[in-house]
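# Structural description and commentary
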Amino acid sequence: MYSKLPSLYIHIPFCFSKCTYCDFFSIPTGKKEIPDNYVEKLLQEIDYCRQKYDIQKFETVYFGGGTPSLLQEKQIQKLMSNINTYRDPGSEVTFELNCDDVCAEYLQILSENGINRFSVGVQSLDDKILKTINRRADKTQTKNAIETLAKFTKKNPNIKSSVDFITGLPYSSKRKVLNDVKKVIDLGINHISLYSLTLEENTLLFRQVEKNELSYSDENNENEWIAARNLLLKNGYEQYEISNFAKTGCKSVHNGRYWKGLDYIGCGCGAVSTIFSDDGKTALRYENQKNTKNYIECTNFESIRDSIENLDEKTVLFEHMMTGFRTSEGINEIEFESRFGRKIEEFFPESFYTLIKEGKLIKKEHSYKFSPDGMLFLNKSLVELLNKID
């Protein structure tokens, strides 16, 4: 339901170079800088959206990319001095960093400007893998970045840290993945995102696998992911979402709002916004054009809205169930009925009742949720769920 307290996502599309697996909108420039006029346009769009939707404050903020860590100190100060006016002190502000941009001085600049959660893309600690996927940082730089991150957050307990890993990459193995994840665990990083590689058609890595220049195995990918998941669970991390693991008090609040079907405003070239109706049953979703020149030069933000969708009740309902079942909280049947006016069981396909009998789909108090092993059946279950809703 639209509370006029949405989250804010800021897209920084610029990268020094593009990773071969990346399917996000990003522009490799070969430069470690971001145009000032892009930052100015971001500020204008934030103010435009705030006024248009009568936003009192932003619940959370997330800088994603691309590579936000190409932003210079004066640009960060300019953006955050505006954003801080429309958020509660201490509310979560996440900032993505590339490993070779991580240093204590830069982390200090971010924290002094109100940014209190750092998310660092590691992917692997193997030099051959990092080179193959065109990561900027090598093994030594990546390891130094994690150590710097861990040291900084230990000195500043109000700052949260997160790192990303990807399983199934070329030249990866279960042994390598487990060694990498163990090193991060030992350093005390309190949040780890563990993603299973998806080969997206418009990426270089997809083409390399298609041409048999590099090998890929679904089975190896799954085995690596399950082994790493088990290691994280064994070491006290909660799998609070299918790909996200956290120590107590360290979950991503911003991402949690996506999964709960709450409003978010996306500012920047290629950013997406979703704004729900007052009853939460339908929504407006739009995406900004993926053209930085048009974005910077626009005089009317409505003119750069692309892919404008009016999401009907079936779509919103399915997305709510899809994202809700990805989390350890699952879906509360009372909240579901309050929002959609229907009992959640009406939409369960027959396979869900089999999963319930097998203990893979659990009802606890008033919530339905998948067990850690049940999560492995989630994709198939969601396909059956979508067919039932249709």
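Residues numbered from 1 in each chain as written. Predicted model: local features only at pLDDT ≥ 70, side-chain atom pairs only at ≥ 80, totals over all residues. Heavy atoms only, no water.

## Structural notes on the overall build of the chain
Worth spelling out the cut-off: Per the convention used, a helix needs a DSSP run of H or I reaching at least four residues, while a strand needs a run of E reaching at least two, with both numbered from the N terminus. Values of the radius of gyration come from C-alpha atoms, whereas the globule rule sets the reference at 2.2 Å times the count of residues to the power 0.38. Three exposure classes are used, based on accessible area relative to the maximum for each residue type with a 1.4 Å probe and protein chains only: buried under 20%, partly exposed in between, and exposed over 50%. By the convention used here, residues are in contact when the closest approach between their heavy atoms is within 4.5 Å. Residue exposure ignores everything except the shown protein chains as possible cover, and the areas themselves are Shrake-Rupley values with a 1.4 Å probe. In this count, Lys and Arg are taken as positive residues and Asp and Glu as negative ones, while His and the chain termini are left out. Charge positions are represented by NZ for Lys, CZ for Arg, CG for Asp and CD for Glu.
Helix and strand counts for the chain come out as 14 helices and 17 strands. Taken over the C-alpha trace, the chain has a radius of gyration of 21 Å; the compact-globule value for 390 residues is 21 Å, and the two agree within 12%. Overall, the C-alpha framework of the chain stretches about 55 × 50 × 45 Å when taken along its three principal axes. Going through the 390 residues of the chain one by one, you find that 54% of them count as buried. Residue pairs at least 24 apart in sequence account for 69% of intrachain contacts in the chain once pairs closer than 6 positions are excluded. Total accessible area on the chain is roughly 17,900 Å²; 47% of this is exposed by carbon and sulfur atoms. Across the chain, the centroid of the 52 positively charged side chains sits 4 Å from that of the 56 negatively charged ones.

## A closer look at the sheet that holds strand S17 (residues 367–370)
Neighbouring strands of a sheet are bound in pairs by backbone hydrogen bonds; such pairs are parallel or else antiparallel. Put simply, the rule is: Two strands form a pair only when DSSP identifies at least two bridges running between them.
With respect to topology, three strands assemble into an open sheet ordered S15-S17-S16, the strand pairing being antiparallel. The open sheet has two edge strands, strand S15 (331–332) and strand S16 (361–364), and neither has a second partner.

## Quick notes on unusual backbone geometry
At the junction of glycine 65 and glycine 66, the peptide bond is cis and its omega measures out at 15° in the coordinates. For glycine 66, the location among the structural elements is in the loop between strand S4 (61–65) and helix H2 (73–83). Non-glycine residue asparagine 134 carries a positive phi angle of around 65°. Locating asparagine 134 in the fold gives a position in the loop between helix H4 (127–132) and helix H5 (139–155). Phi at asparagine 212 is positive, roughly 60°, even though this residue is not glycine. If you trace the backbone, asparagine 212 turns up in the loop between helix H7 (204–210) and helix H8 (218–234).

## Some details on a negative patch on the surface
We count it as follows: Candidate patch residues must exceed 30% relative accessible area and have no salt bridge, after which like charges are joined if within 9 Å and Val, Leu, Ile, Met, Phe, Trp or Tyr side chains if within 5 Å. In the sections that follow, a salt bridge refers to a side-chain nitrogen of Lys or Arg positioned within 4 Å of a carboxyl oxygen of Asp or Glu.
Taken together, the side chains of Asp278, Asp279, Asp312 and Glu313 define an acidic patch exposed on the protein surface. Structurally, the position occupied by aspartate 278 is in the loop between strand S12 (272–276) and strand S13 (283–288). The exposure class assigned to aspartate 278 is exposed, which follows from its relative accessible area of 65%.

## As for empty space enclosed by the protein
Quick note on the threshold: A cavity here means a set of points on a 1 Å grid, drawn over the protein atoms and nothing else, where a 1.4 Å probe fits but cannot get out; a pocket is an open set with protein on both sides within 12 Å along at least five of seven lines, and a residue lines either one if it has an atom within 4 Å of a point. Grid points are joined across faces, edges and corners, and a volume is the space filled by probe spheres set on the points. As a working rule, the residues Ala, Val, Leu, Ile, Met, Phe, Trp, Tyr, Cys and Pro are called nonpolar, Asp, Glu, Lys and Arg charged, and the rest polar, with Gly in that last group.
Counted under the stated rule, the structure contains one cavity of 30 Å³ or more. Computed from the structure, the largest cavity encloses a volume of approximately 60 Å³. As for the largest cavity, its lining consists of Gln123, Ser124, Ile129, Phe165, Ile166, Leu169, Ser172, Lys176, Val177 and Asp180. Every element with two or more residues in the lining of the largest cavity is listed here: strand S7 (160–167) and helix H6 (174–187). Considering every element that reaches the lining of the largest cavity, the biggest residue donor is H6, with three residues. Of the residues in the lining of the largest cavity, the class split is five nonpolar, three polar and two charged.

## Considerations on the pairing of S4
Let me state the cut-off plainly: Assignment of crossover handedness uses the view with strands pointing away from the viewer, where a clockwise path from the first strand over the helix to the second indicates a right-handed crossover.
For S4, the buried fraction is high: five of the five residues fall into the buried class. Neither face of S4 is open: one carries Val61, Phe63 and Gly65, the other Tyr62 and Gly64, and all of them are buried. As paired strands, strand S1 (residues 7–12) and S4 are joined by five bridges and run parallel to one another. Counted as the bridge partner of isoleucine 12 is glycine 65 from S4. Both S4 and strand S5 (residues 93–98) contribute to a ladder of three bridges, which runs parallel. What sits directly across from valine 61, in S5, is valine 93. Of the crossover connections in this fold, the one passing from S4 over H2 to the parallel S5 is right-handed.

## Some thoughts on the side chain of glutamine 239
So the rule is basically this: Pairs of N or O atoms are called polar contacts if they sit within 3.5 Å, as long as, within protein, a hydrogen donor faces a hydrogen acceptor (for residues adjacent in sequence, only side-chain-to-side-chain pairs).
Topologically, glutamine 239 is positioned in strand S9 (residues 238–241). Glutamine 239 gets classed as buried once you look at its relative accessible area, which sits at 7%. Within the structure, the side chain of glutamine 239 is placed 3.0 Å from the backbone oxygen of isoleucine 242, a separation counted as a polar contact.

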